[in-house]
Structure formats: C-alpha cells, structure tokens
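Secondary and tertiary structure notes
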Amino acid sequence: MGTATETILELRKINKAFPGVKALTDVELMLKKGEVLALVGENGAGKSTLMKILSGAYKKDSGSIIFDGKEVEIQSPIHSEELGIAIIYQELNLIQRITVAENVYLGRYPEHNGVIQWKQMYEDSQKLINELGINIDVHKMLREMSLAEQQLIEIVKAVSTNAKVVIMDEPTSSLSQSETELLFDIIRKLKEKGTSIIFITHRLDEIYAVCDRMTILRDGCYIGSRDVKDVTKNEMIEMMIGRKLTNQYPSRESVIGETVLEVKNISDGGKRVKNVSFQAHSGEVLGFAGLVGAGRTETMRMIFGADKKISGEIFIRGKAVDIRSPRDAIRNGIGFVTENRKEEGLFLRSSIKVNTVMVALKKILKAGLYFDFKKEKAYAEEYVKKLHTATSSVNKRVMFLSGGNQQKVVLAKWLLSDADIIILDEPTRGIDVGAKREIYEIINELVAEKKVVIVVSSDMEEVIGICDRIIVMHEGVISGEVLKESFSQSTIGQLSVGG
Amino acid sequence: MDKANKNIKEKLGTIANGMGAWLIILILIVVMTLINDKFFTVSNFINVFRQVCVVGICALGVSFVVLGGEIDLSSGMSATFAGCNAALLITKCNMPVWLAILIAVAIGSLVGLVSGFIVTYWKIPSFIGTLGMQYVVQGFILITTNSMPVTGLPDSFLYLGRGYIANVIPVPVVIMLIFFIIGAFLLKYTPFGRSVIAVGENPEAAALSGLKVKMTKMLMFTLGGFCAACAGIVMTARLSSGQPSSGSDLSLQALAAVYIGGTFNGSMFNTLAGALVWGFINNSLNLLGVSAYWQKVVLGGIIILAVLLDTIRAKVSVKKQ
C-alpha cells in the first residue's frame, strides 16, 4: 500500500462529442498515488471537458475510467465525490452569507440525531485549516474573506472530504505570490498523505514548482505525458500549441512621449490606498506590480471614478480633471478593462455586437436619436477583425466565447470608445498562451498609436515582459518604481513585500 | 432521407424557437378552430384583442421594469388611480377630458418615479418597494373616491375604451398597437432601451461602461407608471366608470404577460404575445364552457408552463452552441 508507483486513476481512450464538436478524442491519462500531475493545454484543448467527465458533470461517450483498480462509470457529481474525487473549479462555489466552517462542511454538517453539532464543526474545521498552515478564523462570515482566502477555503473544503484525487482548475489565478507558496505547501502536505493531485494552470512556472509529471492536450487530443524535469518550458509550449514558439512577449520599439496622466496624492481615506502619486506617458506601458490586496485595483478604480476618492487630484495633459463617475472618466478618454471580465466587463447574454458598442452608443446613433444597426454591425466586425476575435458571427452571445476572446470583446469596447488612457487590470488572467500573446500584441499596437497603457498584473514575468516601467505597491502605498534597465524578479519581489 | 428529415426537424425547431409565445397562440388557434366553430370568426378575434388591451398597455410598461432587472407590483393600482382621478376631475371638477387625462397620466408617471426613487436611491428591493407603493396608492384611491364608483363620464371619454374606428376596429386596440410600436422602438433603437437591457443584465458592468444606471432605473419605473396610467384610462373608459377596485388583479396579469411572452428574448412584441396568450386562453375556456373557478386553475397552470417552456428553450439553445 502507498508506494509511489501505484496507480490511482487511469483514463483510457476517452471520447466525448458535443453537437458539432468533437471535444475529446482518445484521451489518455494516468495518475499515480501521491503524485502531482499537471494537465496542460490551451483554452479549448479539452482540459475542462475531461475534468468534468471525472467530476460527473458530463458523461463520456466511450473509453474507460479505472479508479483505484476498478473500472467505474461515474454517474453524477455525488458519485464522483463518493469515489473520492474532489474538484476545485476556477469559479468559486462558496456561499457568502454563512461562516467559513459551514462552507467547509456544506452538505456534510456533523449531525447527532438530526441536530447539527456546531461546536464540533467549528473545532474540526479550525483544526483542519490550522494543519494546512492557513491563518483563518472559521467563525467569520465568508464574505469577510478576500478572494484569495476564499480560494484557499475552497481547497480546504475539497481536502476535508478525504479525497484520494483532488483536481485543481487554475487555483492560483487569484492568489498572490505568498498565497501561491502557501498553496504549494498545502499540495506538498497532501502529497505526503498519499493524495494525488491533477493541477491545471496557465502559469507554466508553477508546473516546475510543484508538479511531478505533465499530460499535454491539444485540440481535444492526447499529445503525451512527460516527467516535468525532462521538459523545458519552450518544449512544453510547443507541445501545447503544436508549432515552434516565437518569443512569448512580442518586442516593441518604445517611443515614450509627454506626460498624459498625472495622479497626485489620491487616497480613499487611508483604507486601501494611501497618497498614491504617479505619472504615465504617451506611448508607454506602465506596469503596476504587487501582491493581491496591495491596493492596485482600488487605485485604478478611483482614477476611473468607479470608487470615490477622498483626496487627491488627477491631471490629464496638464489640466486638472474632476472625475466622479465612470462617465466622467470615459469623457476624459480613460478606458478600464477590469479584472473580473464576466462580472464587471461583459454582458454575457448579449451579443458581441451589443457588447462592443456599449460605451460608444453615440457612435451608432442616426440623427442623434436612434440606432443604425448597419453601423453597429460594421464596428463590431471591424474590431473582431482587428483583434482576431475567433467567432463565427458578431451576433454570437459572448458567454459562448473562450476567455481570451471574451477579453478581446472587452478591449474592443474600449477601443471603439476612443479611450487614449487604457487601464488593464489582470488582462491575461485565465487566458491561454496563444491568446496571451495576442493581447500583448494589441497592447503594442495601442502604444504605437501613442496611447497610454497601464497594466496591473500579479504575474511578475508578464509585467517584466511587457512594461516600460513598473510601479510596485505594498499595503496601499507605492513602495518603489523600477525602470526597464533594472527589471528583475528579485527587485520587484522585494518591493512587493515592502522593500 | 434520414438526414433530410433531421434537417427539416432542426429548421422547424429554429422557427419554433424564434416564435416563442406566438407559437402557443398559433397552436391554440389551430386546436380551437378544429374543436369549436364559434372560435375562428372576425368578431371573436376582435373580442379577444379588445379584452387584452388594458393588460397589454400595462404590461408594456412593466416589461421595461422587468427587463431592467426589477419588478413592479404597483402597476394595477396605478392604473386604477389614474382612471379614478381622470373620472373625478371630469365629473367633479368639470375639467375638459383631455386635461383630466393629462393630469391623471402625469400623476401616474409620478407614482412610477417615486417607486423608482425608492428602489434606486433607498436601495429597497423593488418587490417590497412597489408592494408598499401599491398599498399607498390604493389608500389614496379609497380616500379620493370614498370607495364609491365615479360615474357620469362623457361619451368623448368612453370612446377611448368602447369606440370603434370604421365600425370594426376597437379604439383601445389601436391605442395598444400604437403603444407597442413606440415601446418596441424605444427598446430596440434607442440608448435608453439598450441601457435598460444592460442594467438588467449586469448593473456593475453597465456602470463601468459609463451608462447612467440610476437614471435608467428611474426612467423605466416612470415609464411603467405612465403606461399603467394610460391602461387605467382605457380601463375606466371600458367600464364607463372609475371603479376603485377594478385593477386589483392587473399588476399580476401584466407581469404574467411579460413572463409568458418571454420578453427577455429581446422583443417588446413578445409581451403583446404574452397578453394575447392570456386573452385567447380565457376566450377558449369561455367558449368551451369551463367554469370560472376552473379557469383560474388553468390560467395559473399556463403561467408556470409558459415559463417552464422558456427555460427549456434557453437550455436547448445553450446546448446547441
């Protein structure tokens, strides 16, 4: 029992088709006990479909699943959980208005004669959380937790079921570096206990940090499995995208011009942002690095007028501007691609067309009164073409697009509004390698047109790869500014924790 | 052969999907024509249209509120209030008909504006906010009318509810159709309509896209009040008197029309279809001699079934993608 070579899960020749699409073709996967397996592939490669088959959300068309030595037919999510498979989705499945402990034991409350044993529940969940090295009070309401903490709670919940296989679908996308480290520690602890983990991520460095082996999928097909230590990053990307990789960060001739945006001492009354001042120039990509919760998003929301600023001034091209609402910001040529595109950026049930013109409705008005749908369609098609959005038609609802294409629709919305100061908050979160590069290319085109681009990103490699200058924030203040010639992960990392 | 069949099936599916509630009407007409010979006549159809006018006009306003992500439970009372006010102004204050209508409709719009204010600025859920408004308005109706019907209305007023154009087309039907044409235009072709849909779908994203979220909400409630008041004028004209208890069921009928019609699919004419489904079923049950008590049971079931059908349709179209 428990030897590292024993297989816990094996998938053989899994096929799955949706009407009109073959999602998976003869996919194989093998997972040993106590192993961390990275499942890699671009968006649409079939990772999520495969995981949904394992979690019982979808049924496979053919192929076999061998779990713990027995062939199984996974009937439902409950069946999957009973077998010992726990899955942590990208989107959190927690309830905001109950306590952390209740969330951990949701649906499995410890009972005695039909009465919930609250004390036991709090004690057990606190013990579990402490064991994993997380510092959270389980009596607190979930809504008091940060996004990152909620992500960790989701993981605790999965672990609490004593699952033999834990599937993590992009668990780090909302975690800061230190929280990611904490997650990796948790993964290592699970490994020691003999739990196997399937780890899905778009951050390739994390694969080297925590995974033993990797299985690569492309276009629903099984490409291969390798030991992580035998594969270089470039080889991995080439296997994912099926062609040789040019540089992940497209190069750019920076021509930095005059100061366009100047922010002086803005603050929200000392809560998350304290006296932040900076300048941004035309033709410049200015990065904002730091840990999650450092106040970067809050700073940008204040500049955009989405949140109220208590003090401070904003100047655009030397003139003081009064921004009290997003409308004011838009009038002053500011565009804001928010970090949660689904919640704050898109109208998912509406079409690409409708989303594209949302900020610039004036542009499609005839006689200033009513819409000219020909114009609407033409604009939407222009930006689909310009940004290489993959879609059959501009009438397609955006909920049917992949993450990368959704992000392009958000970008199109701001480009059509003629914004010349564009703030991008985590622009490539949850987007695959190929689409990421396309977003970077769009950023290059924007600065080539003398626009100002501000990128907030927790992906340090990305900020270094695409920015001309990086401002680092820590606990609501700017802890340092780094110029291109002195970019390094260690400098920025140092400043992120306060310098 | 099999493939061709499948193609036809798929095409029919798409057409059925696009028709929404109109399909229910079509099926109803075909079935009723086959089993009852009094159904498929011009006079019966005109009758049905005439009966749905009040609900239809009211539901048009409610559609905007529902599309904007809120609900309006006060529209029925707003309608009654406007009708009674107009009747009072004409009979007790000897006001000219047009002026009385104008004032009554203005007060109705004001009621909507107040609802909008309560929901938008005091952040009270619209279900509760408009429920409260409903009682407030009902109270005012009882105070102003002393709970007595207001009679003695002139013919020029009654014409709005009982008149015919060219002796065939009822005036209220014409009013309703004009309302729907304007409403459909507002929803589809104007920034206001677009804002309503955006605010209803994702208020956060709407605000961050620079839309006037609060203004939109205020406006849609005001429009709701306006339409309810206009419906109330037609209702009063049909009944020949301002009846303090006449609109008690109207709010819910209007909401039902919006949901049965599946107005979420984007067209205001779906609401008209929803109102017509209601009307045709009522009419059919009457012709078939179903007792009034059982009619309630059937109508309630229809509301649930229609929304269920809509949910299934949405699921199927998602799966297709």
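It should be emphasised that the depicted structure is a prediction, and the values quoted were computed from it without experimental measurement.

1. Describing the overall build of chain B
Within chain B, the secondary structure is distributed over 14 helices and two strands. In terms of C-alpha radius of gyration, chain B reaches 20 Å, essentially the compact-globule figure of 20 Å for 321 residues. Along the three orthogonal principal directions, the C-alpha set of chain B runs to about 75 × 55 × 35 Å. Residues counted as buried form 47% of the 321 residues belonging to chain B.

2. Concerning the overall build of chain A
Scanning chain A from terminus to terminus reveals 17 helices and 24 strands. Expected size for 499 residues packed as a compact globule is a radius of gyration near 23 Å; at 24 Å, chain A falls within 12% of this value. In terms of its C-alpha atoms, chain A occupies a principal-axis envelope of roughly 70 × 50 × 50 Å. Buried positions account for 48% of the 499 residues belonging to chain A.

3. What to know about the interface of chain A and chain B
At the junction of the two partners, chain A supplies 21 residues and chain B supplies 15 residues. Listed by contribution, the elements that provide at least two residues to the side of chain A that touches chain B are helix 10 (326-331), helix 11 (341-345) and strand 20 (370-371) of chain A. When its residues are assigned to classes, the side of chain A that touches chain B shows 13 nonpolar, three polar and five charged.

4. Considering unusual backbone geometry
Peptide bonds are, in most cases, trans, and in most cases residues other than glycine have a negative phi. Residue and element names in this part refer to chain A. Phi at Asn265 takes a positive value of approximately 50 degrees, unusual for a residue other than glycine. Examined against the element boundaries, Asn265 turns out to sit in strand 13 (residues 259-267). For Lys450, which is not glycine, the phi dihedral falls at a positive 70 degrees. Position of Lys450 relative to the elements: it lies in the loop between helix 15 (433-448) and strand 22 (452-456). When the 16 C-beta atoms within 10 Å are taken as the criterion, Lys450 is described as partly exposed.

5. Focus: the domain arrangement of chain A
All names here are of chain A. According to the domain assignment, chain A consists of domain 1 (7-241) and domain 2 (259-496). Computed over C-alpha atoms, the centres of domain 1 and domain 2 are 31 Å apart. Across the boundary between the two partners, domain 1 contributes 18 residues, which contact 15 residues of domain 2. Secondary-structure elements contributing two or more residues to the side of domain 1 that touches domain 2 are helix 6 (177-192) and helix 8 (233-241). Per element, the largest residue contribution to the side of domain 1 that touches domain 2 is three residues, and it comes from helix 8. Of the residues that constitute the side of domain 1 that touches domain 2, the class distribution is five nonpolar, ten polar and three charged.

6. Overview of the pairing of strand 9 (residues 165-169) of chain A
Residues and elements named next belong to chain A. When you tally the buried positions in strand 9, you get five out of five residues, the bulk of the element. The sheet contact formed by strand 6 (residues 85-88) and strand 9 spans four bridges and is parallel. Within the sheet, the bridge partner assigned to Ile88 lies in strand 9 and is Met168. Once you follow strand 9 into helix 6 and on to strand 10 (residues 196-200), the crossover reads as right-handed.

7. Overview of helix 1 (residues 47-54) of chain A
All names here are of chain A. Of all the eight residues making up helix 1, eight are buried; the element is thus mostly covered by neighbouring parts of the structure. Within helix 1 the residues assigned to the buried category are Lys47, Ser48, Thr49, Leu50, Met51, Lys52, Ile53 and Leu54. With its phi angle positive at about 85 degrees, Gly56 sits one or two positions after the end of helix 1.

8. Describing helix 5 (residues 147-160) of chain A
Residue and element names in this part refer to chain A. Relative to the 20 Å expected for 14 residues at 1.5 Å per residue, helix 5 spans 20 Å between its end C-alpha atoms, a close match to the ideal helical length. Here helix 5 has its buried residues at Ala148, Glu149, Gln151, Leu152, Ile153, Glu154, Ile155, Val156, Lys157, Ala158 and Val159. The elements touched by buried residues of helix 5 are strand 6, helix 3 (100-104), helix 4 (118-131), strand 9 and helix 6.

9. A short note on the sheet that holds strand 16 (residues 311-316) of chain A
Residues and elements named next belong to chain A. Taking strand neighbours across the sheet as the criterion, the four strands line up as 14-13-16-17 in an open arrangement whose pairing is antiparallel. The sheet terminates laterally at strand 14 (276-281) and strand 17 (319-321), the two strands that pair on one side only. Between one strand and the next, the sheet's axes are offset by a mean angle of 20 degrees, whatever the strand orientation. Where strand 13 lies against strand 16, five bridges are found, and the strand directions are antiparallel. Paired with Val263 across the two strands is Ile314, which belongs to strand 16.

10. Details of the UniProt feature "domain: ABC transporter" (unreviewed entry) in chain A
Feature annotation in UniProt assigns "domain: ABC transporter" (unreviewed entry) to the following positions: residues 9-244 and 255-495 of chain A. Structurally, residues 255-495 of chain A comprises 34% helix and 25% strand, and the distance from its first C-alpha atom to its last is 27 Å.

11. A few points about the packing of helix 7 (residues 155-162) of chain B against helix 11 (residues 213-239) of chain B
Residue and element names in this part refer to chain B. It is at 7 Å that the axes of helix 7 and helix 11 come closest, and there the two elements cross at 105 degrees. Here helix 7 lies roughly perpendicular to helix 11, going by the angle between them. Every residue of helix 11 that contacts helix 7 at Phe157, Leu158, Leu160, Gly161 and Arg162 is listed here: Ile233, Val234, Ala237 and Arg238. Grouping the amino acids of the contact of helix 7 with helix 11 by side-chain chemistry returns six nonpolar, one polar and two charged.

12. Some remarks on the nonpolar core
If you look at the biggest cluster of nonpolar residues, it comprises 166 residues, and the most contacted ones within it are Ile57, Cys58 and Val234 of chain B. By residue number, the principal contributor to this core is helix 11 of chain B, which donates 15 residues. Setting aside chain neighbours within four positions, we find Cys58 of chain B in contact with Ser75, Ala79, Cys227, Ala228, Ala231, Leu250 and Ala254 of chain B. Core analysis: the next-biggest nonpolar cluster, separate from the first, contains 64 residues, Leu9, Ala45, Ile53 and Ile186 of chain A among them.

13. A few points about the UniProt feature "transmembrane region" (unreviewed entry) in chain B
Residue and element names in this part refer to chain B. The positions UniProt marks with the feature "transmembrane region" (unreviewed entry) are residues 15-36, 48-67, 97-118, 124-143, 164-187, 218-237, 258-281 and 293-312. Across residues 124-143, the secondary structure splits into 90% helix and 0% strand, with the terminal C-alpha atoms separated by 26 Å. Helix makes up 71% of residues 258-281 and strand makes up 0%, while its end C-alpha atoms are separated by 16 Å.

14. Topic: the sheet that holds strand 24 (residues 477-483) of chain A
Residues and elements named next belong to chain A. With respect to topology, six strands assemble into an open sheet ordered 18-21-22-15-23-24, the strand pairing being mixed. Edge positions in the open sheet fall to strand 18 (334-337) and strand 24, since each of these has one partner strand only. The mean inter-strand angle of the sheet, taken between neighbouring strand axes irrespective of direction, is 20 degrees. Contacts between helix 17 (residues 489-496) and the sheet are confined to strand 15 (285-290), strand 23 (469-474) and strand 24, with strand 23 contributing the most and set at about 30 degrees to the helix.

15. A few points about the packing of helix 3 (residues 42-67) of chain B against helix 12 (residues 250-261) of chain B
Residue and element names in this part refer to chain B. Contact pair helix 3 / helix 12: the axes reach a minimum separation of 8 Å and the direction vectors enclose 65 degrees. Considering the angle they form, helix 3 stands roughly perpendicular to helix 12. As helix 3 runs across helix 12, the sense of the crossing is right-handed. Mapping the contact onto sequence places Val54, Val55, Cys58, Ala59, Val62, Ser63 and Val66 in helix 3 and Leu250, Gln253, Ala254, Leu255, Ala257 and Val258 in helix 12. Of the residues assigned to the contact of helix 3 with helix 12, the class counts are eleven nonpolar, two polar and no charged.

16. Considerations on the environment of Lys22 of chain A
Residue and element names in this part refer to chain A. The residue Lys22 is located in strand 2 (residues 21-32) in this model. For Lys22, a count of 14 C-beta atoms within 10 Å puts it in the partly exposed group. For Lys22 and Gly318, which are 296 residues apart along the polypeptide, the C-alpha to C-alpha distance reads 56 Å. Here Lys22 is in contact with Ala17 and Gly220, once residues within four sequence places are set aside.

Conventions we followed
- Residues numbered from 1 in each chain as written.
- Chains lettered and ligands numbered in written order.
- Predicted model: local features only at pLDDT ≥ 70, side-chain atom pairs only at ≥ 80, totals over all residues.
- Helix = DSSP H or I, 4+ residues; strand = E, 2+ residues; numbered from the N terminus.
- Rg over C-alpha atoms; globule rule 2.2 N^0.38 Å.
- Buried ≥ 20, exposed ≤ 12 C-beta atoms within 10 Å, placed from the backbone.
- Contact = placed C-beta atoms within 7 Å.
- Nonpolar A, V, L, I, M, F, W, Y, C, P; charged D, E, K, R; others polar.
- Domains from an automatic or database assignment.
- Pairing = 2+ DSSP bridges.
- Right-handed = clockwise from strand over helix to strand, strands pointing away.
- Expected span 1.5 Å × (residues − 1).
- Axes fitted to C-alpha atoms, helices over the stretch in contact; angles between N-to-C directions.
- UniProt positions renumbered as here; feature names shortened; annotations may be inferred.
- Parallel < 35°, antiparallel > 145°, perpendicular 65-115°, else oblique.
- Core = buried A, V, L, I, M, F, W, Y, C linked by C-beta atoms within 7 Å.
- Left-handed = near helix turned anticlockwise from the far one by under 90°.

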